[in-house]
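Single-letter residue listing:
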Amino acid sequence: MTTPLLAVAGHKGGTGRTMTTLALGTLYATAGLRVGLIDADPTRALTLLAEDEEPNLRLVGTSFDPYAFDLVLMDCPPLHDPQGLACLERATGILLTCSSDLSALRTLGMASRTLTLALQRRRNLEFHGVLLTQYDENNPLQRFLCEEMRRMDGELFLRVEVPEDPAFRAWPQQSHDPLPTGPARDAYEQVADELAERLGLVSTSN
């Protein structure tokens, strides 16, 4: 069985790709999966933030041993970057992150051309949906836009939005700390379980 290599991608910077990669990797590793993290973004943010404290979680290069891991997560450059398409060429699946602010939601279509091209090139590449991040349910405009997008293209989106959570945002800089409890962690746990169903992995709630 091929080890799933999930590309965590976005159409622009600041969509929560690195945080999502690190949070999901930590949750899956805590659940007992052997998880590899690939930092393919030139900013190397994942390398700076990732800690080797969790024994089942470690940074790897692109030439990793597939038998050493149950899942590999790749933090990709924005899809408008030519390197973004190259990352998708290596992946078995794609998760697209999109922050819930107005500019990001309006420009989400920027990713469609790159995604379409990648899916055409590799028929076995699976699109696992759009994850809305940094969601503020108290912002009427955000709430309206997200509801409209789900109404028109609901099948493209994961079931839960990741809410804005200051404690969670600060978590990677606080070395050795576990994932903070709160609404963002709750949302990421639901995301991890939804993706586990799609990827045939153990649920993080088990």
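Rules used throughout
- Residues numbered from 1 in each chain as written.
- Predicted model: local features only at pLDDT ≥ 70, side-chain atom pairs only at ≥ 80, totals over all residues.
- Heavy atoms only, no water.
- Helix = DSSP H or I, 4+ residues; strand = E, 2+ residues; numbered from the N terminus.
- Expected span 1.5 Å × (residues − 1).
- Buried < 20%, exposed > 50% of the residue type's maximum accessible area, 1.4 Å probe, protein only.
- Contact = heavy atoms within 4.5 Å.
- Core = buried A, V, L, I, M, F, W, Y, C linked by side-chain atoms within 4.5 Å.
- Axes fitted to C-alpha atoms, helices over the stretch in contact; angles between N-to-C directions.
- Parallel < 35°, antiparallel > 145°, perpendicular 65-115°, else oblique.
- Nonpolar A, V, L, I, M, F, W, Y, C, P; charged D, E, K, R; others polar.
- Pairing = 2+ DSSP bridges.

Caption draft 1: A look at helix α8 (residues 183-199). Between its first and last C-alpha atoms α8 spans 24 Å; for 17 residues at 1.5 Å apiece the expected length is 24 Å, and the two agree. Residues of α8 that are buried: A184, A187, Y188, V191, A192, D193, E194, L195, A196 and L199. Looking at the buried positions of α8, the neighbouring elements they touch are β1 (5-10), α1 (17-30), β4 (71-75), β5 (93-99), β6 (126-133) and α7 (166-170). G200 sits one or two positions beyond α8 and adopts a positive phi of about 75 degrees.

Caption draft 2: Up close: the nonpolar core. Grouped together as the largest cluster of nonpolar side chains are 33 residues, with contacts concentrated most on L24, Y28, V35, L37, F168, Y188 and L195. Of all the elements in the fold, those that place two or more residues in this core are α1, β2 (35-39), β4 and α8. Broken down by element, this core gets its largest block of residues, 8 residues, from α8. In this structure, A9, L88, L96 and A104 belong to the second largest nonpolar core, which totals 31 residues.

Caption draft 3: Looking closely at the packing of α1 against α8. At a closest axis distance of 10 Å, the pairing of α1 and α8 adopts a crossing angle of 75 degrees. Judged by the inter-axis angle, α1 sits roughly perpendicular to α8. Residues M19, T20, A23, L24, L27 and Y28 of α1 lie in contact with α8, whose contacting residues are R185, Y188, E189, V191, A192, L195 and A196. The class makeup of the residues in the contact of α1 with α8 is 10 nonpolar, 1 polar and 2 charged.

Caption draft 4: Structural view of the pairing of β4. Judged by how many residues are buried, β4 sits mostly within the fold: 5 of 5 residues are covered. Of the two faces of β4, the one carrying L71, L73 and D75 and the one carrying V72 and M74 are both buried. Judged from the 4 bridges that link them, β1 and β4 form a sheet pairing that is parallel. Note that in β4 the partner of A7 across the bridge is M74. Strand direction decides the pairing type here: β2 and β4, joined by 5 bridges, are parallel. When the bridges of β4 are listed, D39 appears paired with D75.

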